[in-house]
Amino acid sequence: MNTPISDTFRQQLQAMRADVLAQLRAQRGGKIGRAEAAANARETESDDWAQADAERDLAFAMEERESAELVAIDEALQRVADGSYGLCVDCGDAIATARLHANPVALRCVACQDKAEQASGATKPAGY
Ligand SMILES: [Zn+2]
């Protein structure tokens with residue numbers, strides 16, 4: 001999917017990624033977070049790590065959620081890069097553009113997503 005539309009989503013994904021990183025940073029009170037450190041591909045050896053241990057415990061659950069989101073965004077960006085973005089991982093059909101606009105990290109078309117959720121008994125995460 002190397003079309004102008006994948007450019008649109010790439011920009012949207014990069015904006016989401018920046019938002020998640022900003023949230024992580026805010027949770028840290030300005031200190032670099034573990035997820036952000038990973039996202040920055042270990043550009044810096046942070047000496048805030050030990051100092052941040054206590055805060056990390058407090059922020060852990062929230063950060064795990066944000067980190068999962070970050071991973072999903074990075075995977076979506078990877079799919080944009082390799083041309084598989086917007087294709088359902090289960091059936092290979094194109095995911096509806098409206099669905100991608102609502103949830104740019106969507107992996108499946110609506111039909112496959114419904115099947116996957118019924119199979120796992122999972123509920124849709126809030127906001128998706
Ligand atoms: Zn599908």
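Residues numbered from 1 in each chain as written. Predicted model: local features only at pLDDT ≥ 70, side-chain atom pairs only at ≥ 80, totals over all residues. Heavy atoms only, no water.

Per an unreviewed UniProt entry, the protein is named RNA polymerase-binding transcription factor DksA, and its organism is Hydrogenophaga pseudoflava.

## Section: the nonpolar core
In this structure, Leu 13, Ile 73, Tyr 85, Leu 100 and Val 105 are the most contacted members of the largest nonpolar core, which totals 19 residues. Those elements that place two or more of their residues in this core are α1 (4–27) and α3 (53–82). The leading source of residues in this core is α1, at 6 residues. When residues of this core are assigned to domains, at least three fall in each of domain 1 (1–85) and domain 2 (87–128). In this structure, Leu 13 is in contact with Ile 73, Ala 76, Leu 77, Val 80, Tyr 85, Pro 104 and Val 105, ignoring residues within four places of it in sequence. (Core = buried A, V, L, I, M, F, W, Y, C linked by side-chain atoms within 4.5 Å. Buried < 20%, exposed > 50% of the residue type's maximum accessible area, 1.4 Å probe, protein only. Helix = DSSP H or I, 4+ residues; strand = E, 2+ residues; numbered from the N terminus. Domains from an automatic or database assignment. Contact = heavy atoms within 4.5 Å.)

## Here we look at the side chain of Arg 17
Following the sequence through the fold, Arg 17 ends up in helix α1. Under the relative-accessibility criterion, Arg 17 is labelled buried at 19%.

## Concerning the coordination of the zinc ion
The zinc ion binds to the protein through Cys 88 (SG), Cys 91 (SG), Cys 109 (SG) and Cys 112 (SG); the donor distances cover 2.2 to 2.3 Å. Around the zinc ion, the 4 donor atoms are arranged such that angles at the metal cover 102 to 118°; this shape is classified as tetrahedral. Written as a sequence motif, the donor residues of the zinc ion are C-x2-C-x17-C-x2-C. One end of the pair, Cys 88, is in the loop between α3 and α4 (97–102); the other, Cys 112, is in helix α5 (residues 110–120), with 24 residues separating them in the sequence. In this structure, Cys 88 and Cys 112 share a single accessibility class: buried. (Donors = N, O, S within 2.8 Å, 3.2 Å for Na, K, Ca; no water. Tetrahedral: all angles 85-135°; square planar, octahedral: opposite > 155°, others 65-115°.)

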